[in-house]
Amino acid sequence: IQGRLFVGCQSMRPAGASNQRIGAPRLESETALVRIRSPGGPVKHWVETAAILDRLSSLVAGGNCAALATVVRISGSAYRRPGAKLLIEESGVTQGGVSGGCLEADVRGQALKVLRGAAPRMLHYETSSDEETLWGLGLGCEGAVDVYVQRVDPAWMEGPGKQMRELASAGVPFAPITLVRGPLE
């Protein structure tokens, strides 16, 4: 386990609700890395993760911060699997993806709020009803997607970011795990 981080809470929105912050309870978050074995060569997910980690390293080395959005859970059908990442730079430039292109604009907007000082947040997108039409997301699949958005700064890059980068560059499959605990546990 790689240290401890205390962050504000963002509740997951029910279907049809916004990603507005509710209350300000504290969450406790710990990040650990777990190595997993993959029988084949590199797949798109690993190549994309390595490219995002390289870009994060460059940004942080240049004195900039960025946000990292990661798919942490899916239920039903979804375009991307848990572990898929979207990098959001302070300028709004993005790299990677957390869906087939339909969630990225909303996730980008939430990530920019995190970069401006808002607490890291868990976003919940419900795609199993017609309500997504109201949000303009047009998801086209029956399921739910949870995306965790966090700020990446020098401390993160020296801890879990550095370990993830080393494992990715060595071609070692891994699963970063962020445990988030709060009052709704």
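Scoring rules and cut-offs
- Residues numbered from 1 in each chain as written.
- Predicted model: local features only at pLDDT ≥ 70, side-chain atom pairs only at ≥ 80, totals over all residues.
- Heavy atoms only, no water.
- Helix = DSSP H or I, 4+ residues; strand = E, 2+ residues; numbered from the N terminus.
- Contact = heavy atoms within 4.5 Å.
- Areas by Shrake-Rupley, 256 points an atom, 1.4 Å probe, with all protein chains shown as cover.
- Salt bridge = Lys/Arg side-chain N within 4 Å of Asp/Glu carboxyl O.
- Buried < 20%, exposed > 50% of the residue type's maximum accessible area, 1.4 Å probe, protein only.
- Pairing = 2+ DSSP bridges.
- Axes fitted to C-alpha atoms, helices over the stretch in contact; angles between N-to-C directions.
- pLDDT = per-residue confidence, 0-100.
- Core = buried A, V, L, I, M, F, W, Y, C linked by side-chain atoms within 4.5 Å.
- Lys, Arg positive; Asp, Glu negative; His and termini not counted.
- Polar contact = N/O pair within 3.5 Å; in protein donor to acceptor, adjacent residues only side chain to side chain.
- Expected span 1.5 Å × (residues − 1).

**Some words on the overall build of the protein chain**
Then, in step 1: Looking only at helices and strands, the protein chain features 4 helices and 8 strands.
Then, in step 2: Put simply, the protein chain runs from its N terminus to its C terminus through helices and strands in the order β-β-α-β-β-β-α-β-α-β-α-β.
Then, in step 3: In the protein chain, once contacts between residues fewer than 6 apart in sequence are set aside, the share between residues at least 24 apart is 63%.
Then, in step 4: Counting every atom, the protein chain has about 9,500 Å² of accessible surface; 54% of that belongs to carbon and sulfur.

**Considerations on the pattern of salt bridges**
Then, in step 1: Following the criterion strictly, the structure yields 4 salt bridges and no others.
Then, in step 2: Between arginine 55 and glutamate 89 there is a salt bridge; the shortest N-O distance is 2.9 Å. Here the residue arginine 55 occupies a position in helix H1 (residues 44–61), and glutamate 89 occupies one in strand E4 (residues 85–89), the gap between them amounting to 34 residues.
Then, in step 3: The buried category is assigned to glutamate 89, whose relative accessible area is 12%.
Then, in step 4: Linking arginine 73 and aspartate 146 is a salt bridge whose minimum nitrogen-to-oxygen distance equals 2.8 Å. Of the two residues, arginine 73 sits in strand E3 (residues 66–76) while aspartate 146 sits in strand E7 (residues 143–152), which places them 73 residues apart along the sequence.

**What about the sheet that holds strand E5 (residues 94–96)?**
Then, in step 1: The strand order across the open sheet built from 5 strands is E5-E4-E3-E7-E6, with neighbouring strands paired in antiparallel fashion. If you trace the sheet from one side to the other, it starts and ends with E5 and strand E6 (121–126), each paired once. The sheet shows a mean angle of 20° between the axes of neighbouring strands, taken without regard to direction.
Then, in step 2: Bridge analysis of E6 against E7 gives 6 bridges, and the strand direction is antiparallel. Looking across to E7, one finds that histidine 124 is bridged to aspartate 146.
Then, in step 3: The sheet strands contacting helix H2 (residues 104–115) are E3, E4, E5, E6 and E7, and the helix crosses E4 at an angle near 50°.

**Remarks on the confidence of the model for the protein chain**
Then, in step 1: Per-residue confidence for the protein chain gives a mean pLDDT of 74; residues scoring 70 or more make up 64%.
Then, in step 2: Within the protein chain, the element-level pLDDT minimum falls on strand E1 (residues 5–8), averaging 31, and the maximum on H2, averaging 96.
Then, in step 3: Predicted confidence for residues 1–30 stays below pLDDT 50, and this span has 82 contacts to residues more than four positions away or in other chains.
Then, in step 4: Considering only residues more than four positions removed or in separate chains, one finds that residues 33–39, a stretch of pLDDT under 50, has 19 contacts.

**Notes on the nonpolar core**
Then, in step 1: By size, the foremost hydrophobic cluster in this structure holds 21 residues, and its most contacted members are Ala69, Ile88, Val98, Leu103, Val107, Val147 and Val149.
Then, in step 2: Those elements giving two or more residues to this core turn out to be E3, E4, H2, E6 and E7.
Then, in step 3: Valine 107 has contacts with Ala69, Leu86, Val98, Leu123, Tyr125, Val147 and Val149, leaving out every residue within four places of it along the chain.

**What about the side chain of lysine 85?**
Then, in step 1: Along the polypeptide, lysine 85 turns up in strand E4.
Then, in step 2: Buried within the structure, lysine 85 lacks any salt-bridge partner; its nearest side chain of opposite charge belongs to glutamate 48, at an N-O separation of 7.8 Å.
Then, in step 3: At a separation of 2.8 Å, a polar atom in the side chain of lysine 85 contacts the main-chain carbonyl oxygen of glycine 83.
Then, in step 4: Apart from the residues within four sequence positions on either side, lysine 85 is in contact with Glu48, Thr49, Ile52, Leu68, Ala69, Thr70, Gln95, Gly96, Gly97, Val98, Met164 and Pro176.

**Topic: the environment of serine 57**
Then, in step 1: Assignment of secondary structure puts serine 57 in helix H1.
Then, in step 2: Separated by 105 residues in sequence, serine 57 and lysine 162 place their C-alpha atoms 8.5 Å apart.
Then, in step 3: Excluding residues that lie within four positions of it along the chain, serine 57 makes contacts with Met157 and Arg165.

**Overview of H2**
Then, in step 1: Compared with the 16 Å implied by 1.5 Å per residue over 12 residues, the 16 Å span of H2 between its first and last C-alpha is a close match.
Then, in step 2: Contacts from the buried residues of H2 go to E3, E4, E6 and E7.
Then, in step 3: Of the residues trailing H2, glycine 117 is marked for its positive phi of about 115°.

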